[in-house]
Amino acid sequence: NISDKGDFQIILERRDSRKFITEMKWHNNDRLAVGSSDKKICVYQLTTETKPATKVDVALLSMIDLVSPPMHFDFSRDGKYLRANYESHELHYFEVGPGLHIKEQSRLKDTQWEAE
């Protein structure tokens, strides 16, 4: 659920995972990544017609399947990529839109990350 910070009215609700959430990250207040213990990261694009938001439209950009539950992840500053650290202590990189795993990590050596 996403709720209004004033009166806590629910303005968005989705249930794409059946397990508990392990991590959430925002990018530019319009993109949200949600990781869960079912070994997935769901990336959503959010739009609203009003300020403050009274209703939010959400589109699932990608559902990324992982080898173990995500513990931490981070968007690139441009929002095109996501790097994820798993419970198994592995670090992997993904293209956000299609949710594709990037095997050649050297492609992203000059990428700036939001956590840096």
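A brief report on the enclosed structure follows. (Residues numbered from 1 in each chain as written. Predicted model: local features only at pLDDT ≥ 70, side-chain atom pairs only at ≥ 80, totals over all residues. Heavy atoms only, no water.)

The next subject is the nonpolar core. Within the largest apolar cluster, 12 residues are counted, these being Ala33, Ile41, Val43, Ile64, Leu66, Phe73, Phe75, Leu82, Ala84, Tyr86, Phe94 and Val96. Examining the composition of this core, we find that three residues originate from one element, strand E8 (residues 81-86), more than from any other. (Core = buried A, V, L, I, M, F, W, Y, C linked by side-chain atoms within 4.5 Å. Buried < 20%, exposed > 50% of the residue type's maximum accessible area, 1.4 Å probe, protein only. Helix = DSSP H or I, 4+ residues; strand = E, 2+ residues; numbered from the N terminus.)

Let us look at the environment of His27. Inspection of the secondary structure assignment puts His27 in strand E3 (residues 21-27). As for His27 and Asp78, which are separated by 51 residues in sequence, their C-alpha atoms are 8.8 Å apart. Excluding anything up to four places from it in sequence, His27 contacts Phe75, Ser76, Arg77, Asp78, Gly79 and Glu114. A polar contact is formed between the side chain of His27 and the backbone nitrogen of Gly79, at a distance of 3.5 Å. For His27, the side chain forms a polar contact with the side chain of Glu114, separated by 2.3 Å. (Contact = heavy atoms within 4.5 Å. Polar contact = N/O pair within 3.5 Å; in protein donor to acceptor, adjacent residues only side chain to side chain.)

Going through the model one piece at a time under the given rule, you end up with one aromatic pair. Between Tyr93 and Trp113, the aromatic rings sit 5.7 Å apart at their centres with planes inclined by 50°, giving tilted as the arrangement. Here the residue Tyr93 occupies a position in strand E9 (residues 91-95), and Trp113 occupies one in the segment after strand E10 (100-102), the gap between them amounting to 20 residues. Taken as a pair, Tyr93 and Trp113 share a single burial class, namely buried. (Phe/Tyr/Trp six-rings, centres within 6.5 Å; stacked < 30°, edge-to-face > 60°.)

On to the pattern of salt bridges. For side chains bearing opposite charge, pairing can occur when the charged atoms are close. One pass over the structure, following the stated rule, counts four salt bridges. For Asp65, the salt bridge goes to Lys40, with nearest N and O atoms at 2.7 Å. With Asp65 in strand E6 (residues 56-65) and Lys40 in strand E5 (residues 40-48), this residue pair connects regions lying 25 residues apart in the sequence. We note a salt bridge from Arg83 to Asp74, for which the minimum N-O separation is 3.3 Å. Taken as a pair, Arg83 and Asp74 share a single burial class, namely buried. Ionic contacts of the salt-bridge type, sharing partners, join the residues Asp74, Arg83 and Glu116 into one network. (Salt bridge = Lys/Arg side-chain N within 4 Å of Asp/Glu carboxyl O.)

With respect to the element layout, Thr47 can be found in strand E5. Along the primary structure Thr47 and Arg31 are separated by 16 residues, whereas in three dimensions their C-alpha atoms are 8.9 Å apart.

Here we come to the sheet that holds strand E7 (residues 70-75). Strand order in the open sheet formed by four strands is E7-E8-E9-E10, and the pairing between neighbours is antiparallel. Each of the sheet's edge strands pairs with one partner strand only, and the pair in question is E7 and E10. On average, adjacent strands in this sheet sit at an angle of 30° to one another, irrespective of strand direction. (Pairing = 2+ DSSP bridges. Axes fitted to C-alpha atoms, helices over the stretch in contact; angles between N-to-C directions.)

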